[in-house]
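# Structure at a glance
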Amino acid sequence: MTRLEVSAEAGPTMSNQPDLSSEKAIASFHERLKERGLKSTAQRDDIARVFFQLGRHISAEELYAEVKKVNPHVGYATIYRTLKLLKECELVYERHFDDAQARYEIVTKRHHDHFICERCGKIIEFENERIEHLQEIVAQELGVALTRHKMELYGLCSDCRDRRPS
Ligand SMILES: [Zn+2]
Ligand SMILES: [Zn+2]
């Protein structure tokens, strides 16, 4: 069977790791704001920094809770507007999994797909060359040109699968 290569496993509340790449991301945020004639503000920077440190699949509400710990003055509306700005700057993807809540993740050069646990909400990223290749074959058969795809697998993660129903 197809083996899934798990490239990252991160729940919505990932641990804070000191991360040089988040400072690089902040720098490109500043650059792109400048291109748009916008200024960076301390609040925007706080939000962006927390987001880049957390990394992946975070909802606006989860981000709000995390930013509050760093800067209690930041309001939810500013969180929302900053995420929108990061999206416009093409630094952040907005994803919609089955729970209808928008989740945000850093734009990575590498394409990946997602497994979502229906019990605990854990999101596991994977890459699988065979799945990617099969999609090309389907496209050829249909005579279409693919521009993008979304592959989402749903089920129980290994932790939840092993847990006995209470
Ligand atoms: Zn689970
Ligand atoms: Zn992802």
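Structural notes, computed from the coordinates. (Residues numbered from 1 in each chain as written. Chains lettered and ligands numbered in written order. Predicted model: local features only at pLDDT ≥ 70, side-chain atom pairs only at ≥ 80, totals over all residues. Heavy atoms only, no water.)

## As for the coordination of the zinc ion (ligand 2)
Here is the rule we go by: Note that water is not among the atoms used; donors are N, O and S atoms within 2.8 Å of the metal (3.2 Å for Na, K and Ca), so sites may look incomplete. A four-donor site is classed as tetrahedral when every donor-metal-donor angle falls between 85 and 135 degrees; four donors are called square planar, and six octahedral, when trans pairs exceed 155 degrees and all remaining angles lie between 65 and 115, with any other arrangement labelled irregular. Only DSSP runs of H or I with at least four residues qualify as helices, and only runs of E with at least two residues qualify as strands; both kinds are numbered from the N terminus onward. Here's how the labels work: a residue is buried when its accessible area is under 20% of the maximum for its type, exposed when over 50%, partly exposed in between, all with a 1.4 Å probe on protein chains only.
The coordination sphere of the zinc ion (ligand 2), as far as protein atoms go, consists of H57 (NE2), E105 (OE), E105 (OE), H112 (NE2), H114 (NE2) and E125 (OE), spread over 2.0 to 2.6 Å. Here the zinc ion (ligand 2) binds six donor atoms, and the angle range of 51 to 167° at the metal identifies the geometry as irregular. Of note, the donors binding the zinc ion (ligand 2) are all from one chain and are spaced H-x47-E-x6-H-x1-H-x10-E. Of this pair, H112 sits in the loop between β4 (102-106) and β5 (113-117) while E125 is found in strand β6 (residues 123-127), placing the two residues 13 residues apart along the sequence. Given a relative accessible area of 4%, H112 falls into the buried group. A relative accessible area of 1% places E125 in the buried class.

## Regarding the layout of surface pockets
Here is the rule we go by: In the cavity and pocket records, a cavity denotes points on a 1 Å grid over the protein atoms alone where a 1.4 Å probe fits but cannot get out, a pocket denotes an open set with protein on both sides within 12 Å along at least 5 of 7 lines, and lining residues are residues with an atom within 4 Å of a point. Grid points are joined across faces, edges and corners, and a volume is the space filled by probe spheres set on the points. Following the grouping adopted for this structure description, the nonpolar residues are Ala, Val, Leu, Ile, Met, Phe, Trp, Tyr, Cys and Pro, the charged ones are Asp, Glu, Lys and Arg, and the polar ones are all others, Gly among them.
Quantified by volume, the largest pocket comes out at close to 380 Å³. Put simply, the parts of the chain that give the lining of the largest pocket at least two residues each are β3 (92-96) and β5. In terms of residue count, the dominant contributor to the lining of the largest pocket is β3 (four residues). For the lining of the largest pocket, the class distribution of residues is three nonpolar, six polar and eight charged.

## Notes on the coordination of the zinc ion (ligand 1)
In the first shell of the zinc ion (ligand 1), the protein supplies C117 (SG), C120 (SG), C157 (SG) and C160 (SG), at 2.3 Å from the metal. Relative to the metal, the four donor atoms surrounding the zinc ion (ligand 1) lie at angles of 105 to 113°, and the coordination shape comes out tetrahedral. Of note, the zinc ion (ligand 1) draws all its donor residues from one chain, in the sequence arrangement C-x2-C-x36-C-x2-C. In this pair, the class of C157 matches that of C160, namely buried.

## Some words on helix α1 (residues 20-35)
Residues that lie three or four places apart on an α-helix share one face, since the helix turns once every 3.6 residues. For clarity, the threshold we go by: An expected span of 1.5 Å times one less than the residue number is assigned to each helix. When checking whether two residues touch, look at their non-hydrogen atoms; a contact exists if any pair is within 4.5 Å.
Helix length check: α1, at 16 residues, gives a terminal C-alpha distance of 23 Å against a target of 22 Å (1.5 Å per residue), a fit within 8%. Next to the buried residues of α1 lie α2 (42-54) and α4 (76-88). G37 lies just past α1 and shows a positive phi near 70°.

## What about the side chain of E125?
Selection rule: Between N or O atoms, a polar contact is any pair within 3.5 Å; within protein, one atom must be a potential hydrogen donor and the other a potential acceptor, and residues adjacent in sequence are included only when both atoms are from side chains.
A polar contact is formed between the side chain of E125 and the side chain of H57, at a distance of 3.0 Å. There is a polar contact of 2.8 Å between the side chain of E125 and the side chain of H112.

## A word on the pairing of β4
The following threshold applies: For two strands to be treated as a pair, DSSP must find at least two bridges joining them.
Most of β4 is tucked away, with four of its five residues classed as buried. Strand direction decides the pairing type here: strand β2 (residues 58-59) and β4, joined by two bridges, are antiparallel. Each bridged residue has a counterpart across the sheet, and for I58 the counterpart in β4 is Y104. When β3 meets β4, the two strands line up antiparallel, connected through five bridges. Along β4, the bridge assignment pairs R95 with R103. Remark: five residues form the turn of the hairpin made by β3 and β4, two consecutive strands paired antiparallel; A100 in that turn has positive phi of roughly 70°.

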